[in-house]
Each structure stands twice: as C-alpha cells, then as structure tokens.
Amino acid sequence: MQAKLEFLGAAGNVTGSRHLLQANGNRILVDCGLYQERQLKIRNWDPFPVPPKTIDAVLLTHAHLDHCGLLPKLVRDGFKGRIYCTSATADLARIILFDSAKLQEEDAEFKRKRHQKEGRKGPYPEVPLYTVADTEACCPHFAPVEYKQPLKISEHIEATFCEAGHVLGSSIIKVKIDANGWSRTVLFSGDIGRPNRPIIHDPAYVDQADYILVESTYGDRLHEPHEDIKKIVTEAINSTKKAKGNIVVPSFALERSQDILYYINQLLLEGAIPPITVFLDSPMATSITKVFQKHAELFDEEMTELIRHKQSPFNFPGLKMIETTKESQAINSIKRTIMVIAGSGMCTGGRIKHHLVNNISRPESTIMFIGYQAVGTLGRQIVNGEKEVRIFGQKYPVKARVVQIQGFSAHADRDELLQWLSGLKKPPRKLFVVHGEPESAQHFADFIRAKTGWNVTVPAYQDQVVLD
Ligand SMILES: [Zn+2]
C-alpha cells in the first residue's frame, strides 16, 4: 500500500491552494483555489492535471477564494463527488463564489470589448473562467461536516476537520489512510490563524501526523502584539473626531470587517471612544456578517458572553449596514464625524474608491488600513506615502492621515506557526512547507529544520511525493 501526494497549487507561491492525495485507488483533492498572483493567473485556465470526474471527493479548508475559487470550474468540467466542509464554510463559499463568478463574467466582457477596440488578443480566452450558472451547479455539491467528527470518505480513508482559527468555519484537516495493516495520517494545515483573535476559536492543536502540509504566508515574519490594535484604533477615532474628519477603512468582506466591528464595539463598551456612526458599506460584508450571526455556535467564549449580554458587535448602537448605492452615496452628505468600512480591501474597486475621493484630500480625515496591501494596488500607493494618487482617472493629493495596522492578520506568524507545530508528540516523517512566497517558505523551512531537526521540504508546483 502506498499513497501519493501531488502539489497542484500554493507550492512556491501563496494562492491557488490545491493538493491531490491518491491512495488505494481513491483520489481526494484538498482545496481547489484560484490563482490570484498576476503572473500565475494563466494557470486558472489550464485543464485539471487529472480528469475531474476521476476525483472522488474534495475537502475544503475554508471559504477564501484562493482555496475555493476554482470549484465551479471543477464541477463544470466533470467532478461528480461531494465537497466536504463545515456548514459555515459552505455558507460563506456560496457568497464568495457567486461574487467571483459575477466578476469573471464582467471581466470577460470588458476584455472582449477592449481587445476588439484595440484589435488584439489577450493571454486568456475572452469568455468567463466560469459563470454564475456554473456556480449554481457547484453549490449542491457542498456537504457539511462537524468539527472533530471523523468522516468516512471511502472504505480506507477518513477525514477529521478541526478549528483553524483563521476565518469563520475554517479547518485544519487530518486525513487517515488505513488499509491492510498500513496506516498513515496526512495533516493539511489550510490557513492557520493567530491565537487570541476576536470572535472565533483558536487553532486546534494536533498531536500526531505522519505527513504535514503547513502554510507559510508569514513564515519569515512576526506580527505586532495584539494590544496595540485597540490603542491605535482608539487614537485614530478620537483624534479624527476632534479634527471633525471621517475615518475611512478599506476592508475585506470576510473576517476583517467583522473583526474591526468587534474592536469598535469593545472600545464603545469600555468608553474609550465616544458614540460614533459606523457604516458597513459593502453588500458582501453585510451578507457575510449575517452568516456570522447564523453560526453563533462557532464563537469563542468572549464573543458568546457578548451575545449573552446583548452586546453583539454586529448590532451596536450607531452601526448601519448599507445595501443600496443610493444609501451609500447619502453618506457623503453627513457633516459630523463618521466611520465607513467598505471594500475592496486594497482599494482596487468597489465603494471604497468613492469614500476615498471624498476624504483623501482632507487633512482632518483618516484612512485606516487593516489589511495587507499588495504591490501595484491603490492601497499600496497610499500606505507607501505617495503625495498624489489617481482615482477614477483623476488626480487627488493625499492629505488625509494614513494609519496602517498590521496586527489584524488572520495568519499565524513564524513563531505562532512553530507553536502550532509544537503540539505534535513525535516528529512527522516529513513536513512540506506550502502557501508562501518563495523567500518566506524557504526561511520557514530552514527555521523549523534548525529548531526541530525534522525532515522539511518546500515542494515545487506539480511535484509528486510518494508517502511510504
Ligand atoms: Zn485564507
């Protein structure tokens, strides 16, 4: 008996998580994510390395697009099995995949028109990678699983999902292959959260695994301590209110928006900030917040306490969830200090751009970044301190105060990853470092090897490894 692991994404890069496990005639895919790095996006269009109809099941760690974003294509191309994930992940993935499908359709149409005008052809076909209809066909494949309940995938394969502490419903997945007296466990970290994050539980420790795939997004870095977040947010709100400006927060719809609401609610309860009107101006973040409210069973103790005392961060006095464009535009006419949280998180599109237009040149306003800003985005230009930025084709001087908070990260840093791995009672046969920029993955592999003496490698795209 032998098993084989194939690295089909997030190997030598961050996005496109996809790992194929083959054992005893079964094929199991763990995650099926979209590539988001500009130079790797072309891989989204490649046919699957094995025919999708030969894959028995998908195990999905969580609802981020770089982990679930290719599922509609997998189903359209012939996958017939179940997509196992927690019920919260299924609810969130539906919202995220429909949004992605809409963007894919708009993107294809935009490219078709532009190429027609310019009389040229682009690197990708001018059809959507997948459509809203493909996504509708994908969703019935979701099959909910409970944390810590071993699930039989086939006669010889069992999977157990445990909390990953990364986003609501996120999982670490332990797969056990047991056949003819041969037994091995393979542990997929998915994305590992930081301990003591708001709302959700901490990552679960795992005490035994023969093979481990561990993420390394922040494998070469350490985060700011947690306490600083409250201090920075308090100072930003109080000083902006004094100056009679607004606080504009570019935010990702999943987890980050709910986290900032959690902190504001805390600061209001503690009396550290005065009552303030907070607009969550993102239909997607609003839908996602409703999924949070539906899954109160996944909240940690502090959050459960808040709910019990009717002090939920999702309906504190002053919080307004905006749906329509008209309501969003009406925010501009408010004269008193307000806070507005909107997408996209890196200011590349969405309603945040309108709020930036209205505030970026006002010295009394504050732009508060709570997420990573990738190279080449408007968000990155602002945090880099550029004096002038272009929004909707117009130049605006940057006069607002810019605040960046690093501590919101939903990923464990180097030492927190080591801490998570230290839950193992004996060394694994092999540790594979995935889901990181090449330097970060390599640094983390060297760090773990030096600390533990384990057999650690950084697999490359399409590497195949026999698990003996
Ligand atoms: Zn993630």
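Here's a quick rundown of the structure. (Residues numbered from 1 in each chain as written. Predicted model: local features only at pLDDT ≥ 70, side-chain atom pairs only at ≥ 80, totals over all residues. Heavy atoms only, no water.)

## Thoughts on the coordination of the zinc ion
Thinking step 1. For the zinc ion, the full set of protein donor atoms is His 62 (NE2), His 64 (ND1), His 166 (NE2) and Asp 191 (OD), and the range of their distances to it is 2.2 to 2.3 Å.
Thinking step 2. One can describe the donor arrangement at the zinc ion as irregular, given that its 4 donor atoms subtend angles of 91 to 166° at the metal. (Donors = N, O, S within 2.8 Å, 3.2 Å for Na, K, Ca; no water. Tetrahedral: all angles 85-135°; square planar, octahedral: opposite > 155°, others 65-115°.)

## Quick word on the environment of Ala 10
Thinking step 1. For Ala 10, the position within the fold is in the loop between β1 (3-9) and β2 (18-23).
Thinking step 2. By relative accessible area, Ala 10 is classed as buried at 0%.
Thinking step 3. Separated by 23 residues in the primary sequence, Ala 10 and Gly 33 place their C-alpha atoms 8.8 Å from one another.
Thinking step 4. With residues near it in sequence (within four places) discarded, Ala 10 still touches Thr 15, Gly 16, Ser 17, Tyr 35, Val 434 and His 435. (Helix = DSSP H or I, 4+ residues; strand = E, 2+ residues; numbered from the N terminus. Buried < 20%, exposed > 50% of the residue type's maximum accessible area, 1.4 Å probe, protein only. Contact = heavy atoms within 4.5 Å.)

## Remarks on the sheet that holds strand β3 (residues 26-30)
Thinking step 1. Reading across from one edge, β6-β5-β4-β3-β2-β1-β22 is the order of the 7 strands in this open sheet, with mixed pairing throughout. The open sheet has two edge strands, β6 (142-145) and β22 (464-467), and neither has a second partner. Strand-to-strand, the axes of this sheet are offset by a mean angle of 25°, without reference to chain direction.
Thinking step 2. Inspection of the sheet shows β2 paired to β3 by 5 bridges, in the antiparallel sense. Looking at β3, one finds that Gln 22 is bridged to Arg 27.
Thinking step 3. Here helix α3 (residues 87-118) sits on the sheet in contact with β5 (82-86) and β6, set at roughly 115° to β5. (Pairing = 2+ DSSP bridges. Axes fitted to C-alpha atoms, helices over the stretch in contact; angles between N-to-C directions.)

Read these as geometric descriptors, not functional statements.
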